[in-house]
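Below, each chain spelled out in residue letters.
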Amino acid sequence: MVKTGYESSPSVGTAWLDSYMKLGRIDDAAKIFERIEEKDVAWSAMLAGYVQEENTGGAVHFYRELVNEGVLPNEYAFSSIINACALLSAATEQGKQFHASSIKFAYSNALVVSSALVPMYSKKGDIANANFVFERQQERDLVSWNSMITGFAQHGYGKKALSSFEEMQARNMEMDEITFVGVISACTHAGLVKEGENYFNMAVNKLQIVPTMEMYSCMVDLYSRAGMLENATAVINKMPVPAGPMVWRTLLAACRVHRKLELG
């Protein structure tokens, strides 16, 4: 790492820090961080870097170290540390603690914070708290909507997932492929084959969304669970890229369940 003197500038130092983090060079990023004079943006960038590295422990340690030094967190710092708590390696209680801290510092209603809380709780299976934050949001971005729909779908609340999707439609909200992965999954678990087909067609034909592997996988799962294995096979044959292992496992499992071994 070359010392130039420019790294003490918040804009230059933070950009340099961010570059090191993207390369996975956390130690060098930390050295740059120490030289930056005004750290308001820089420490959020450091936390985001730990999240990128899926290093929850490092993010939590860094956050607590700065707070112990008297540095006051801002909404972006809370957003980053809560994102760290959404990782698989993090305990649910960690996220709840930082949620409580964001309330203490009056940042819990900031969009960047609440939009981190909803997916964090959703990924941890705490749908009640995810919905609590979601309902209290004064404004909602696409991340919040998608997280809530996906959370409902994955945890057995198919009707609530579809209700949230309908509310998105009523509000003319932007939708993307993640939205439709969630809503088609909800149809799958609720046995709503025709509705799932309609939503897939809406995404592709009306909204011009290019289907992803996840969307195709959802359609295979939708048909497979309903015993419509020929339809599931047709989806696989129409995929623009070879089907992944998860898609084939879904179809093969359905073939065994429905005793159509000639397809499997």
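Refer to the preceding data block for the structure.
An account of the accompanying structure is given in this report. In this text the structure is predicted, and so the values were computed from the model without any measurement. (Residues numbered from 1 in each chain as written. Predicted model: local features only at pLDDT ≥ 70, side-chain atom pairs only at ≥ 80, totals over all residues. Heavy atoms only, no water.)

## Describing the pattern of salt bridges
For the structure on display, the rule yields nine salt bridges. As a salt-bridge pair, Lys96 and Asp126 come within 3.8 Å of each other at their nearest N and O atoms. Taken together, the residues Lys96 in helix α6 (residues 92-104) and Asp126 in the loop between α7 (111-123) and α8 (127-136) connect sequence positions 30 residues apart. Note that Glu167 is salt-bridged to Arg171, the shortest N-O span being 2.8 Å. Overall, the relative accessible area of 28% leaves Glu167 in the partly exposed class. Connected through salt bridges with shared partners, the residues Glu135, Arg140, Glu167 and Arg171 form a single ionic network. (Salt bridge = Lys/Arg side-chain N within 4 Å of Asp/Glu carboxyl O. Helix = DSSP H or I, 4+ residues; strand = E, 2+ residues; numbered from the N terminus. Buried < 20%, exposed > 50% of the residue type's maximum accessible area, 1.4 Å probe, protein only.)

## Section: the packing of α7 against α8
Orientation of α7 relative to α8, taken along the N-to-C sense of each, is 160 degrees, at an axis distance of 7 Å. It follows from the interaxial angle that α7 and α8 lie roughly antiparallel. Here α7 runs over α8; the crossing is left-handed. Contact with α7, carried on its side by Ser114, Leu117, Val118, Tyr121 and Ser122, involves Ile127, Asn129, Ala130, Val133 and Phe134 of α8 and no other residues of that element. Here the contact of α7 with α8 is composed, by residue class, of seven nonpolar, three polar and no charged. (Axes fitted to C-alpha atoms, helices over the stretch in contact; angles between N-to-C directions. Parallel < 35°, antiparallel > 145°, perpendicular 65-115°, else oblique. Left-handed = near helix turned anticlockwise from the far one by under 90°. Contact = heavy atoms within 4.5 Å. Nonpolar A, V, L, I, M, F, W, Y, C, P; charged D, E, K, R; others polar.)

## A few points about the packing of α8 against helix α9 (residues 142-154)
In the contact formed by α8 and α9, the axes pass within 10 Å of each other and the chain directions differ by 150 degrees. Here α8 lies roughly antiparallel to α9, going by the angle between them. The hand of the α8/α9 crossing is left-handed. Residue-level contacts link Ile127, Ala130, Asn131 and Phe134 of α8 to Ser144, Trp145, Met148, Gly151 and Phe152 of α9. When grouped by side-chain class, the residues that make up the contact of α8 with α9 number six nonpolar, three polar and no charged.

## Looking at unusual backbone geometry
Of note, the phi angle at Glu54 is positive, near 55 degrees, even though the residue is not glycine. In this structure, Glu54 sits in the loop between α3 (42-52) and α4 (56-68). In this structure, Gln208 takes a positive phi of about 60 degrees despite not being glycine. Secondary-structure assignment places Gln208 in the loop between α12 (193-206) and α13 (213-225).

## Considerations on α9
Here α9 contains 13 residues, and its C-alpha end-to-end distance of 18 Å stays within 8% of the 18 Å for a straight helix at 1.5 Å per residue. Buried residues dominate α9, accounting for ten of its 13 residues. By the burial criterion, the buried members of α9 are Leu142, Ser144, Trp145, Asn146, Ser147, Met148, Ile149, Gly151, Phe152 and Ala153. Lining the buried residues of α9 we find α7, α8, α10 (158-170) and α11 (177-190). Gly156 lies just past α9 and shows a positive phi near 85 degrees. (Expected span 1.5 Å × (residues − 1).)

## Quick word on α12
Look at α12: 19 Å from first C-alpha to last across 14 residues, which is about the 20 Å you get at 1.5 Å a residue. Along α12, the positions that sit buried rather than exposed are Val193, Gly196, Glu197, Tyr199, Phe200, Met202 and Ala203. In this fold, the buried residues of α12 make contact with α10, α11 and α13. Backbone geometry just after α12 places Gln208 at a positive phi near 60 degrees.

## Details of the environment of Ala161
Note on placement: Ala161 falls in helix α10. For Ala161, a relative accessible area of 0% gives the class buried. Taking the C-alpha atoms as reference points, Ala161 and Val210, separated by 49 residues in sequence, lie 22 Å from one another. Residue contacts for Ala161: discarding those within four places in its chain leaves Ile149, Phe152, Ala153 and Ala186.

## Notes on the packing of aromatic side chains
Counted by the stated rule, this structure contains twelve aromatic pairs. Ring geometry for Phe33 against Phe62: centres 5.1 Å apart, planes inclined by 70 degrees, an arrangement best described as edge-to-face. Of this pair, Phe33 sits in helix α2 (residues 26-35) while Phe62 sits in helix α4, and the two are 29 residues apart along the sequence. Phe33 sits in the buried class, given a relative accessible area of 2%. Arranged with centres 4.9 Å apart and planes meeting at 85 degrees, the rings of Tyr63 and Phe98 form a pair that is edge-to-face. Linking Tyr63 in helix α4 with Phe98 in helix α6, this pair joins segments that are 35 residues apart in sequence. (Phe/Tyr/Trp six-rings, centres within 6.5 Å; stacked < 30°, edge-to-face > 60°.)

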